[in-house]
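Here are the chains, one letter per residue:
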Amino acid sequence: ITAEKNEEVGIKSIFQPAMEIALEQYRTVTPLREWEISSETGSYSYPAVPLTHAQRKSASDKLFGISKKLPALTQECAEVLKEAREGDQWDLAVAELTTQVICVTHCSESKDYKLEGLRRYL
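The structure presented is a predicted model; accordingly, all values stated were derived computationally and were not measured. (Residues numbered from 1 in each chain as written. Predicted model: local features only at pLDDT ≥ 70, side-chain atom pairs only at ≥ 80, totals over all residues. Heavy atoms only, no water.)

A. Representation of the overall build of the protein in the model. Across its full length, the protein carries 5 helices and 2 strands. Overall, the protein shows an N-to-C arrangement of helices and strands of α-β-β-α-α-α-α. The buried share among the 122 residues of the protein stands at 24%. If you take every contact in the protein between residues at least 6 apart in sequence, the share linking residues at least 24 apart comes to 48%. Counting every atom, the protein has about 9500 Å² of accessible surface; 56% of that belongs to carbon and sulfur. (Helix = DSSP H or I, 4+ residues; strand = E, 2+ residues; numbered from the N terminus. Buried < 20%, exposed > 50% of the residue type's maximum accessible area, 1.4 Å probe, protein only. Contact = heavy atoms within 4.5 Å. Areas by Shrake-Rupley, 256 points an atom, 1.4 Å probe, with all protein chains shown as cover.)

B. Geometry of the pattern of salt bridges. Counted according to the given criterion, the structure contains 2 salt bridges. Close ionic contact of Arg56 with Asp91 constitutes a salt bridge, the shortest N to O distance being 2.8 Å. Here Arg56, found in helix α2 (residues 53-67), pairs with Asp91, found in helix α4 (residues 90-106); they are 35 residues apart in sequence, far enough to count as distant. Between Asp61 and Lys57 there is a salt bridge whose closest N-O contact spans 3.1 Å. Here Asp61 and its partner Lys57 are both found in helix α2, 4 residues apart, which amounts to about one turn of the helix. Given the relative accessible area of 44%, Asp61 is considered partly exposed. (Salt bridge = Lys/Arg side-chain N within 4 Å of Asp/Glu carboxyl O.)

C. Structural detail: unusual backbone geometry. Not every positive phi belongs to a glycine, and Asp88 is a case in point at roughly 55°. Mapped onto the elements, Asp88 comes out in the loop between α3 (71-86) and α4. Its relative accessible area of 66% is what places Asp88 among the exposed residues.

D. Representation of α4 in the model. For α4, spanning 17 residues, the distance from its first C-alpha to its last is 24 Å, which sits close to the expected 24 Å at 1.5 Å a residue. Those residues of α4 not exposed but buried are Trp90, Ala93, Val94, Leu97, Thr98, Val101, Ile102 and Thr105. What you see down the axis of α4 is that its buried residues fit within an arc of 160°, all on one side. Here the buried face of α4 lies against α2, α3 and α5 (116-121). (Expected span 1.5 Å × (residues − 1). Arc of directions from axis to C-beta.)

E. Seen up close, a nonpolar patch on the surface. On the surface, a nonpolar cluster with roughly 380 Å² of combined accessible area is contributed by Ile21, Leu23 and Tyr26. Looking at the secondary structure, you find Tyr26 in the loop between α1 (3-8) and β1 (30-31). (Patch = residues over 30% accessible without salt bridge, like charges linked within 9 Å, V, L, I, M, F, W, Y side chains within 5 Å.)

F. Local environment of α2. The terminal C-alpha atoms of α2, which comprises 15 residues, lie 21 Å apart, in line with the 21 Å expected from a rise of 1.5 Å per residue. Of all the residues in α2, the buried ones are Gln55, Ala59, Ser60, Leu63, Ile66 and Ser67. The arc that holds every buried residue of α2, seen down its axis, measures 125°, which confines them to one face. Summarising the contacts, the buried residues of α2 are in contact with α3, α4 and α5.

Shown next as structure tokens:
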């Protein structure tokens, strides 16, 4: 089921609907030199793809919608995103926060080591 179908039937989804990539979002993937390759980086360098304003707004709306279950969490998310924006790390911060918020709101407090709550949510 796609994000669009979920929205049609009233299911809130964290996944963004398919969006066209804007020209300024295209990046060149380059092979790394032999001494730069590691198990963590792989064989290629992948530059960050910046989100458009509409994509950022949609991602933050989804994050804040999920975090509203715990009002203090919403405020914490706002503070982290403000700091991330100042350091030009907003895209990474919203992705990481969304994952953390889903875990906090959907995984049980005791012994959910396999993140079953997250699996059920997704």
